[in-house]
Amino acid sequence: MKTRANSNVIPGTLEPLMDIRGITTDKVKAICQQLGVRSWRELVTAVTLEQLEGIPLLTPENRKNIRRALKLDKDADHRMQLWDAILQGKEILQSIRQFPEVKRASFAGSLRRGKDTIGDIDIVVEVAGADRKKLLYKIDRMPLTDRIIAAGKSRICVLLHNQLLVYFYLADQQHYGATLLYYTGSDRYSLSLESLAAQKGYRFEPDGLYDIKNNEYVATENEEEVFRHLLLDYTPPELREDQELATATNPHKMPSLVTFDQVKGDMQIHTDWSDGEESIAHMAHYVFSVFPHYQYIVVTDHASNERTGHVLRPDDISRQAAEIKDINDAIGYDYVKRGVEVDILENGALSLPDELLKTFDWVIASVHSHFTKDNTARLLKACESPYVHCIGHPSGRLIGSRHPYPVDWDQVFAKAAATSTAMEINARPNRLDLNDILVKKAIANGVKLVIDTDAHSLAQFDFMQLGIWVARRAGCCHTDILNTFTWEEIEKFKKSKRNIIA
Ligand SMILES: [Zn+2]
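Residues numbered from 1 in each chain as written. Predicted model: local features only at pLDDT ≥ 70, side-chain atom pairs only at ≥ 80, totals over all residues. Heavy atoms only, no water.

- An unreviewed UniProt entry lists the protein chain under the name DNA polymerase (Family 10), with Chitinophaga polysaccharea as the source organism.

Structure representation (structure tokens):
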């Protein structure tokens, strides 16, 4: 660690700049003098306006490290999918939890909020002040670490070998709750909590909660205590995204969000009858033993009269039905339901005729072609079919590779609600479709949702949690999510559609 500059040219708020790798006192002085920067805010502005380019003393590496430490690195703009971030984040948590200095550690930031893509990983660590240098040393030696970008009293910024940035925020036991709360919320959420705290006589800062009257720390060993001081209900991390929710500060209006434990089945699954990797029997027995709280699964292989290759052809359907019957006989009840995923053709018709559709327990209709045109009319027409129970991956987006096609969602959700057609939250990491914003709109319109993994292999059944996060971020309770219902209740939902359309 460098010694602190005792120079009057460097304002106290800019001293943490010297915690950044490669940034010397002279370099900070140059920034202050040549750019007239006097505060952290002015520094952020100068970096954003790329004014650091004008300081010859700074190397390109210096400028990059400053941008990274300030979370302003444009190169970090390529965001990773939530699933990959979770796997990577868990590996880091596992490593640091082995250090005896680390008393507690938790994800914070967008990862903890379950956002569909993640820019960097934030972790809050409980560590005593005296142990922080030791912790820094150990983090520097972790096999995952490429190098430390910045290290100060209260945070460490690390670049991993895979170019991912990880920010560790350090707190002692007494301030862990406030620190975790501060770094979990979006910027907007944390700002709105700051102003709410001020109204109630507190200063809410990254390193803790202070009583304004006597300027003393208020102990907050966990987040619940902070919420209690602010007279708020505990707010689940998924809802700490936008200002409205932070300030729609209840009290006591917090929805009881849907949880994974409430899920009773998975309603989109592909087997080796179409493009999946496993037999129906393998998938059924796997889910039956690994997810004991599930009461049913719905096999929904692709089927089409119109195309060939990795789809069920009409004459396969009865043979598949016989196979499912044998599996259910072995299990002892109708655990495996007979579903299908049909294509919505360009004109809105479906890829199987009605006589076949009506033989299935569950019919998903999905757009698998013409991804750039406005698909409102196709979705409306599919909702109007008396045999379609659910629209699969309704927006068609693939995160990082395909934009959603244009759709008039007001019209589609109104039609879905009026026809008792469910909308899917497809939980595949690159789909998460519908997304949180559209799900919120859907439930406001009275539309029911189904969270499906769309599993094509055994490991993919784990994606269910990703879909749960989408639903929770949208504020869904279990009553919004059809597959938290028993199959008898789902039959009632299907019957309401038949009654409406008939
Ligand atoms: Zn599909």
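There is more to say, and it comes next.
Here we look at the overall build of the protein chain
So, step 1. Scanning the protein chain from N- to C-terminus turns up 18 helices and 18 strands.
So, step 2. Seen along its three principal axes, the alpha-carbon backbone of the protein chain occupies a region of about 85 × 45 × 45 Å.
So, step 3. Counting all 502 residues of the protein chain, 55% fall into the buried class.
So, step 4. Across the protein chain, contacts joining residues at least 24 apart in sequence account for 67% of those joining residues at least 6 apart.
So, step 5. Counting every atom, the protein chain has about 21,800 Å² of accessible surface; 51% of that belongs to carbon and sulfur. (Helix = DSSP H or I, 4+ residues; strand = E, 2+ residues; numbered from the N terminus. Buried < 20%, exposed > 50% of the residue type's maximum accessible area, 1.4 Å probe, protein only. Contact = heavy atoms within 4.5 Å. Areas by Shrake-Rupley, 256 points an atom, 1.4 Å probe, with all protein chains shown as cover.)

Comments concerning the coordination of the zinc ion
When four donors bind a metal tetrahedrally, each ideal donor-metal-donor angle is 109.5 degrees, and when six bind octahedrally, the ideal angles are 90 or 180 degrees.
So, step 1. Binding of the zinc ion to the protein goes through Glu341 (OE), His368 (NE2) and His393 (NE2), at separations of 2.1 to 2.3 Å.
So, step 2. Here the donor residues of the zinc ion share one chain and are spaced in sequence as E-x26-H-x24-H. One end of the pair, Glu341, is in strand E14 (residues 336-343); the other, His393, is in the loop between strand E16 (390-391) and helix H15 (409-419), with 52 residues separating them in the sequence. Of the two residues, Glu341 and His393, both sit in the buried class. (Donors = N, O, S within 2.8 Å, 3.2 Å for Na, K, Ca; no water.)

Brief notes about the pairing of strand E4 (residues 121-126)
A regular strand places its side chains on the two faces of the sheet in alternate fashion.
So, step 1. Of all 6 residues making up E4, 6 are buried, and the element is well covered by its neighbours.
So, step 2. On E4, burial covers both faces: Ile121, Ile123 and Val125 on one face and Asp122, Val124 and Glu126 on the other are all buried.
So, step 3. Alignment of strand E2 (residues 104-108) against E4, held across 5 bridges, turns out to be antiparallel. Each bridged residue has a counterpart across the sheet, and for Ser106 the counterpart in E4 is Val124.
So, step 4. Relative to strand E7 (residues 165-171), E4 runs parallel, the two sharing 6 bridges. Opposite Ile123, over in E7, you have Phe168 as the bridge partner. (Pairing = 2+ DSSP bridges.)

Thoughts on helix H3 (residues 60-69)
So, step 1. Burial runs high along H3: 7 of the 10 residues are buried.
So, step 2. Among all positions of H3, only Asn62, Arg63, Lys64, Asn65, Ile66, Arg68 and Ala69 are buried.
So, step 3. For H3, the elements touching its buried residues are helix H1 (25-35), helix H2 (40-48), strand E5 (145-151), strand E6 (155-160) and E7.
So, step 4. One or two residues past the end of H3 sits Lys71, with phi positive at roughly 60°.

Quick notes on the sheet that holds strand E10 (residues 216-218)
So, step 1. Taken in spatial order, the 3 strands of this open sheet run E8-E9-E10, and their pairing is antiparallel. For this open sheet the edge positions go to strand E8 (202-205) and E10, each flanked by a neighbour on one side alone. Taking the axes of each pair of neighbouring strands and ignoring which way they run, one obtains an average angle of 35° across the sheet.
So, step 2. Of the pairings in the sheet, the one linking E8 to strand E9 (residues 208-211) comprises 4 bridges and is antiparallel in character. Along E9, the bridge assignment pairs Phe204 with Leu209. (Axes fitted to C-alpha atoms, helices over the stretch in contact; angles between N-to-C directions.)

Thoughts on unusual backbone geometry
So, step 1. At the junction of Asp433 and Leu434, the peptide bond is cis and its omega measures out at 5° in the coordinates.
So, step 2. As for its position among the elements, Leu434 is in the loop between strand E17 (422-426) and helix H16 (436-444).
So, step 3. Despite not being glycine, Ser420 has its phi angle at roughly 50°, a positive value.
So, step 4. Relative to the assigned elements, Ser420 resides in the loop between H15 and E17.
So, step 5. Under the relative-accessibility criterion, Ser420 is labelled buried at 12%.

Details of the sheet that holds E2
So, step 1. Within the open sheet, the 5 strands sit side by side as E2-E4-E7-E6-E5. Their pairing is mixed. Across the chains shown, the open sheet's two edge strands, defined by having one partner strand only, are E2 and E5. Geometrically, the sheet is characterised by an average inter-axis angle of 25° between neighbouring strands, direction not taken into account.
So, step 2. Against the sheet, helix H7 (residues 176-184) touches E2, E4 and E7, its axis set at about 20° to E2.

What about helix H18 (residues 487-501)?
An α-helical turn contains 3.6 residues, so a residue and the one three or four places further along point in the same direction.
So, step 1. Between its first and last C-alpha, H18 extends 21 Å over 15 residues, near the 21 Å set by a 1.5 Å rise per residue.
So, step 2. Considered for burial, the residues of H18 that qualify are Trp487, Ile490, Phe493, Lys494 and Lys497. Looking down the long axis of H18, one finds its buried residues gathered within 110° of arc, a one-sided arrangement. Exposed residues lying more than 90 degrees from the buried face of H18 are Glu488, Lys492 and Asn499. (Expected span 1.5 Å × (residues − 1). Arc of directions from axis to C-beta.)

Considerations on the environment of Glu491
So, step 1. The topology assignment puts Glu491 in helix H18.
So, step 2. Since its relative accessible area comes to 31%, Glu491 is described here as partly exposed.

Here we look at the pattern of salt bridges
So, step 1. Counted under the stated rule, the structure contains 23 salt bridges.
So, step 2. We note a salt bridge from Glu205 to Arg203, for which the minimum N-O separation is 2.9 Å.
So, step 3. Under the relative-accessibility criterion, Glu205 is labelled partly exposed at 27%.
So, step 4. Between Lys213 and Asp211 there is a salt bridge whose closest N-O contact spans 3.9 Å.
So, step 5. Accessibility expressed as a relative area gives 17% for Asp211, which makes it buried. (Salt bridge = Lys/Arg side-chain N within 4 Å of Asp/Glu carboxyl O.)

What about the nonpolar core?
So, step 1. One finds Ile96, Ile123, Ile139, Phe168 and Met423 to be the most contacted residues of the largest nonpolar core, which totals 97 residues.
So, step 2. For this core, the domains that each give at least three residues are domain 2 (80-247) and domain 3 (260-501).
So, step 3. When neighbours within four sequence positions are excluded, Phe168 is seen to be in contact with Ile92, Ile96, Ile123, Val125, Ile139, Ser154, Arg155, Ile156 and Val158.
So, step 4. Counting 48 residues, the second-largest nonpolar core is a separate cluster that includes Ala30, Tyr167, Leu180 and Phe204. (Core = buried A, V, L, I, M, F, W, Y, C linked by side-chain atoms within 4.5 Å. Domains from an automatic or database assignment.)

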